[in-house]
Amino acid sequence: MDSGRSIPSIMLNRNALATGSANLLRSGIRSGEYVRVRPGAYVAREDREGASDDELYRQRMLAAAASARRPLVFSHDSAANMWGLPGVGAWPPRVHLLAPRDTGGRSHGDIQRHCLGDDPHAVVIDGIRVTSLARTLVDVACTSTFMRAVAMIDSGLRMPRSGETRWNLGRAHTTSDELRAVLNGLLPYPGSAKAFKAIEFGDGLSGSALESVSRVQMHLLGVPAPELQVAFSDADGHIGDADFYWRHLDLIGESDGKAKYAGREASPSGKSAEQVLWEEKQREDRMRAVTSGFLRWDWSTAISRHRFAATMRKHGLLPG
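Okay, so let's go over this structure. (Residues numbered from 1 in each chain as written. Predicted model: local features only at pLDDT ≥ 70, side-chain atom pairs only at ≥ 80, totals over all residues. Heavy atoms only, no water.)

Read from one edge to the other, the open sheet built from three strands follows the order 1-3-2, with strand pairing classed as antiparallel. Each having just a single partner strand, strand 1 (11-12) and strand 2 (34-38) make up the two edges of the open sheet. Summarising the sheet, strand 2 and strand 3 (residues 41-44) pair through four bridges and their orientation is antiparallel. For V35, the partnering residue across the bridge sits in strand 3 and is V43. Sitting on the sheet, helix 2 (residues 22-31) is in contact with strand 1, strand 2 and strand 3, with an inclination near 100° to strand 2. Across the sheet, helix 4 (residues 53-67) lies against strand 1, strand 2 and strand 3, angled at about 80° from strand 2, the strand it touches most. (Pairing = 2+ DSSP bridges. Helix = DSSP H or I, 4+ residues; strand = E, 2+ residues; numbered from the N terminus. Contact = heavy atoms within 4.5 Å. Axes fitted to C-alpha atoms, helices over the stretch in contact; angles between N-to-C directions.)

See the structure below:
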């Protein structure tokens, strides 16, 4: 399956030696034309410069796959990256692979092997084999923090939007029932108890990683669970769907990731940042006019338990 992403070419020392082009590769390395991704593997500098953290981690996976003597199955965070799931926090320093249960395969260097057996439902994305969407989410939930797991599960439960990786792959979404079935089929499985909790908490109505992080913070702080994606209207018609709504307080909450204001490329509609910002301001004014309260927060607030609690307390969602 093709994700629609740009795939950089990986140049290997051993291939250069075999084809007689080792001197050209060494010259390119000395001049800075090529940059090392992992031992013996390089990409063009232009593929590194300006690349996002997601892209840089993906390059390491592509290099590991190109360097391997036999086909690999990428799993856990590595598969999550290939599926386009949101990584809350940094991607790990190693790429993650599945290995047969009876091999006792070793982890070394930038490779982390998990001797958990194969995934019969693995798929190929951009030329490399990765665990299925459901298996990926289960593996992450068993090994990651509750917050990181929920952000990925929420994303996996949500129908993909046009342009997102899963949309380009022609894959829809998974379900909580499918995740539970996959996890049950792996038992006994390390981390399964916390994975079940993350699956139960997952909600496909959560529209972004920021909304998922906010939901987790609310849960951990004891904030009353809000309704998600509640539609609001006024005399002029539909205003929009609020990220969060506390009906007992008639209070709307909006998490603002700022990405939608970043520029023309960040807006699926192709609108300018100024136009998107103006429309969002109009939307907020209309929502404020039909409810008793409105609050907005960003990533820096959501990721800080202290700041997030202060915001919730200010609006009557936590005791003073």
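Viewed as axis vectors pointing N to C, helix 6 (residues 133-143) and helix 9 (residues 176-186) meet at an angle of 65°, and their least axial separation amounts to 9 Å. The angle between helix 6 and helix 9 falls in the class roughly perpendicular. As helix 6 runs across helix 9, the sense of the crossing is right-handed. Facing helix 6, whose interface residues are A134, R135, L137, V138 and C142, helix 9 presents E178, L179, V182, L183 and L186. Counted by class, the contact of helix 6 with helix 9 contains eight nonpolar, no polar and two charged residues. (Parallel < 35°, antiparallel > 145°, perpendicular 65-115°, else oblique. Left-handed = near helix turned anticlockwise from the far one by under 90°. Nonpolar A, V, L, I, M, F, W, Y, C, P; charged D, E, K, R; others polar.)

For the rest of this paragraph, the subject is the environment of R48. As for its position among the elements, R48 is in helix 3 (residues 45-48). Along the primary structure R48 and Y34 are separated by 14 residues, whereas in three dimensions their C-alpha atoms are 9.3 Å apart. Contact partners of R48, with chain neighbours within four places excluded, come to V35, V37, V43, L56 and Q59. Only 2.9 Å separates the side chain of R48 from the side chain of Q59, close enough to count as a polar contact. (Polar contact = N/O pair within 3.5 Å; in protein donor to acceptor, adjacent residues only side chain to side chain.)

So, about unusual backbone geometry. In this model, L187 is joined to P188 through a cis peptide bond whose omega is -5°. You will see that H76, though not glycine, has its phi angle at about 50°, which is positive. When its relative accessible area of 2% is taken as the criterion, H76 is described as buried. Positive phi outside glycine occurs at Q229, with the angle close to 55°. Position of Q229 among the secondary structure elements: in strand 9 (residues 227-234). (Buried < 20%, exposed > 50% of the residue type's maximum accessible area, 1.4 Å probe, protein only.)

Inspection of the sheet shows strand 1 paired to strand 3 by two bridges, in the antiparallel sense. Opposite L12, over in strand 3, you have A41 as the bridge partner. The turn joining strand 2 and strand 3, which pair antiparallel and follow one another in sequence, is formed by two residues; a positive phi near 80° is taken by G40.

In this fold, T291 is placed in the loop between helix 12 (273-290) and strand 12 (293-298). Among the polar contacts listed, one links the side chain of T291 to the backbone oxygen of M287, at a separation of 2.8 Å. Polar side-chain contacts of T291 include one of 3.4 Å to the backbone oxygen of G293. In this structure, T291 is in contact with F232, D250 and I252, ignoring residues within four places of it in sequence.

By themselves, these are just geometric observations and shouldn't be taken as functional.
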